[in-house]
Amino acid sequence: MSTRLVQLRSQERRRVALVEEPHLRLLKAESVYSLAESTIHSDIKLSEIVKREATPEVLDYDPVYAGNSEWRILPPIDHPSEPARCLISGTGLTHLGSARDRQAMHAHAISPEEFEQLTDSMKMFRCGVDGGRPESGHIGTPPEWFYKGTGPTLRAHGEALEVPPYAEDGGEEAEIAAIYMIAPDGRPVRIGMAIGNEFSDHCFEKKNYLNLAASKLRNCSIGPELVLDPEFKSVLGQVNVERAGRTLWNKSIRTGEAEMCHSLQNIEHHHFKFEAHRRPGDVHVHFLGTDCLSFGEGIRLVDGDVMQISFEGFGRALGNRVRVHGTPLELITATSLG
């Protein structure tokens, strides 16, 4: 069974806790970041260091999870001293509808003329199907890539995801996020994975695909738990949207390498091939994509809606409320120092 961790805060105190359902066992460590640092500088696995850091202190998980405890859940990774050194990004157009669809795509070779008739999104998706899973030791087709912001963009389980005044909409994107740290020698090391809600402005994006970059600059959430070395072949998930205490929309989804046209290794190569993404000490949260959005089925989220996402093997569900800012948009003016 995978090791699962949460990060907690109580007033000015921070601690990491090991999930031992229905309890949380507090560790000596104050951050996952410090645990990962210790692992990088030793020959011991992170799961073993977690065991060594365990204390006799135990909390009931239920009140912490519900927000009824002095201990509050934090995002399961951050850069404790420099939040902006946590880079948040993602990969899109990665997921296939099913193994049968994948087989059908491979079986039907299209002509250059047919390829040119596809939308840009479908062209990129098709390139992923054809070249996103290269043989071992080879480099495959690069996937779509987008930037979401830095550490202050991240929200924890139970916190609201905001639709700001300049946004046209806000909608859930249920994904798994991979979490990394850059070692002193520039090597990217994967700490683990977490449930993620890669919250985006789909209405703005829909107007023109060139709006994609700006549509992604929104809050997002991960957690509540960080899973060390999880199974990521084919992972069953569930997405649920509630309005006024009743289910508005729900769907079963799947993620994992068997459900994707890009291998995890190929995604990681094309993210970390950039020297700027291998700065020692930096943290990276990289969303791995989805094939299911409530927006795609005509759902528009409103203030107060609750999004809940779960994946088998990834611990308790991630829940966030939608908060729509009703304040008018204000003009931002830059002043000259000249």
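Reading the values: rules and limits
Residues numbered from 1 in each chain as written. Predicted model: local features only at pLDDT ≥ 70, side-chain atom pairs only at ≥ 80, totals over all residues. Heavy atoms only, no water. Helix = DSSP H or I, 4+ residues; strand = E, 2+ residues; numbered from the N terminus. Buried < 20%, exposed > 50% of the residue type's maximum accessible area, 1.4 Å probe, protein only. Contact = heavy atoms within 4.5 Å. Areas by Shrake-Rupley, 256 points an atom, 1.4 Å probe, with all protein chains shown as cover. Phe/Tyr/Trp six-rings, centres within 6.5 Å; stacked < 30°, edge-to-face > 60°. Arc of directions from axis to C-beta. Axes fitted to C-alpha atoms, helices over the stretch in contact; angles between N-to-C directions. Parallel < 35°, antiparallel > 145°, perpendicular 65-115°, else oblique. Left-handed = near helix turned anticlockwise from the far one by under 90°. Nonpolar A, V, L, I, M, F, W, Y, C, P; charged D, E, K, R; others polar. 1 Å grid on protein atoms, 1.4 Å probe; cavity = no way out; pocket = protein on both sides within 12 Å on 5 of 7 lines; lining within 4 Å. Points joined across faces, edges and corners; volume = space filled by probe spheres on them. Polar contact = N/O pair within 3.5 Å; in protein donor to acceptor, adjacent residues only side chain to side chain. Salt bridge = Lys/Arg side-chain N within 4 Å of Asp/Glu carboxyl O. Core = buried A, V, L, I, M, F, W, Y, C linked by side-chain atoms within 4.5 Å. Pairing = 2+ DSSP bridges.

### A closer look at the overall build of the protein chain
Stage number 1. In terms of regular secondary structure, the protein chain is built from 9 helices and 18 strands.
Stage number 2. Based on the C-alpha atoms only, the size of the protein chain along its principal axes is roughly 65 × 55 × 50 Å.
Stage number 3. Sorting the 338 residues of the protein chain into buried and exposed places 50% on the buried side.
Stage number 4. Partitioning the contacts of the protein chain with sequence separation of at least 6, the portion at a separation of at least 24 is 73%.
Stage number 5. Per element, the accessible surface of the protein chain, about 16800 Å² overall, is 51% carbon and sulfur.

### As for the packing of aromatic side chains
Stage number 1. Taken as a whole and judged by the stated rule, the model has 3 aromatic pairs.
Stage number 2. Where Tyr61 meets Tyr65, the ring centres are 6.1 Å apart and the plane angle is 85°; that geometry is what we call edge-to-face. With Tyr61 and Tyr65 both in helix H3 (residues 61–66), this residue pair falls 4 residues apart, about one helical turn. For the pair Tyr61 and Tyr65, a shared accessibility class is recorded, and that class is buried.

### Description of helix H1 (residues 32–40)
Stage number 1. For H1, every residue scored as buried is listed here: Val32, Tyr33, Leu35, Ala36 and Thr39. Buried residues in H1, looked at end-on, bunch into an arc of 160°, giving them a common side.

### Some thoughts on the packing of H1 against helix H2 (residues 46–53)
Stage number 1. Contact pair H1 / H2: the axes reach a minimum separation of 9 Å and the direction vectors enclose 120°. Of the possible angle classes, the one that applies to H1 and H2 is oblique. Judged by the sense of rotation from one axis to the other, the crossing of H1 with H2 is right-handed. Touching Leu35, Ala36, Ser38 and Thr39 of H1 are Leu46, Ile49, Val50 and Glu53, all from H2.
Stage number 2. Looking at the contact of H1 with H2 residue by residue, the classes come out as 5 nonpolar, 2 polar and 1 charged.

### Describing empty space enclosed by the protein
Stage number 1. Taken as a whole and judged by the stated rule, the model has 1 cavity of 30 Å³ or more.
Stage number 2. Here the largest cavity is characterised by a volume of approximately 40 Å³.
Stage number 3. Contributing to the lining of the largest cavity are Asp169, Gly170, Gly171, Glu172, His202, Ser294, Phe295, Ile299, Arg300 and Leu301.
Stage number 4. Residues of the lining of the largest cavity, tallied by class, amount to 3 nonpolar, 4 polar and 3 charged.

### Some points on the environment of Gly245
Stage number 1. Along the polypeptide, Gly245 turns up in the loop between strand S14 (235–243) and strand S15 (246–255).
Stage number 2. By relative accessible area, which is 67% here, Gly245 ends up exposed.
Stage number 3. Measuring from C-alpha to C-alpha, the distance between Gly245 and Asp305 comes to 8.7 Å, with 60 residues separating the pair along the chain.

### A short note on the environment of Arg15
Stage number 1. Within the element layout of this structure, Arg15 appears in strand S2 (residues 13–20).
Stage number 2. In this structure the C-alpha to C-alpha distance between Arg15 and Ser263, which are 248 residues apart in sequence, comes to 34 Å.
Stage number 3. Here the side chain of Arg15 touches Glu57 through a polar contact of 3.1 Å, side chain to side chain.

### Section: the layout of surface pockets
Stage number 1. Of the pockets and cavities examined, the second largest pocket occupies roughly 490 Å³.
Stage number 2. Lining of the second largest pocket is provided by 19 residues; of these, Leu46, Arg190, Ile191, Leu228 and Asp229 occupy positions nearest its centre.
Stage number 3. At the level of secondary structure, the elements contributing two or more residues to the lining of the second largest pocket comprise H1, H2 and strand S11 (188–197).
Stage number 4. Sort the elements by how many residues they give to the lining of the second largest pocket and S11 lands first, with 5 residues.
Stage number 5. A per-class count over the lining of the second largest pocket returns 10 nonpolar, 5 polar and 4 charged.

### What to know about the pattern of salt bridges
Stage number 1. Inspection of the entire model under this criterion finds 23 salt bridges.
Stage number 2. Look at the salt bridges and you will find they share partners, linking Arg4, Glu21, Asp62, Glu225 and Arg316 into a network.

### Examining the nonpolar core
Stage number 1. Counting 32 residues, the largest nonpolar core has Met193, Phe232, Leu288, Phe311 and Phe314 as its most contacted members.
Stage number 2. When residues of this core are traced back to their parent elements, those giving at least two are strand S9 (161–163), strand S10 (174–182), S11, S14, S15, helix H9 (264–272), strand S17 (306–311) and strand S18 (318–324).
Stage number 3. When residues of this core are assigned to their parent elements, the largest contribution, 5 residues, is made by S10.
Stage number 4. Aside from chain neighbours lying at most four places away, what touches Phe314 is Ile176, Met193, Ala194, Ile195, Glu225, Val227, Pro230, Glu231 and Val235.
Stage number 5. Counting residues in hydrophobic clusters, the runner-up holds 29 residues, among them Val16, Ala29, Leu46 and Leu226.

### Some thoughts on the sheet that holds S15
The strands making up a sheet are joined through hydrogen bonds of the backbone, oriented either antiparallel or parallel.
Stage number 1. Sheet architecture is open: 5 strands sit in the order S9-S18-S17-S14-S15, paired in mixed fashion. Two strands close off the open sheet at either side, each with one partner strand: S9 and S15. Each strand axis lies, on average, 20° off the axis of its neighbour in the sheet, ignoring direction.
Stage number 2. Bridging between S14 and S15 involves 9 bridges; their strand directions are antiparallel. Bridge assignment links Val239 to a residue of S15, and that residue is Lys251.

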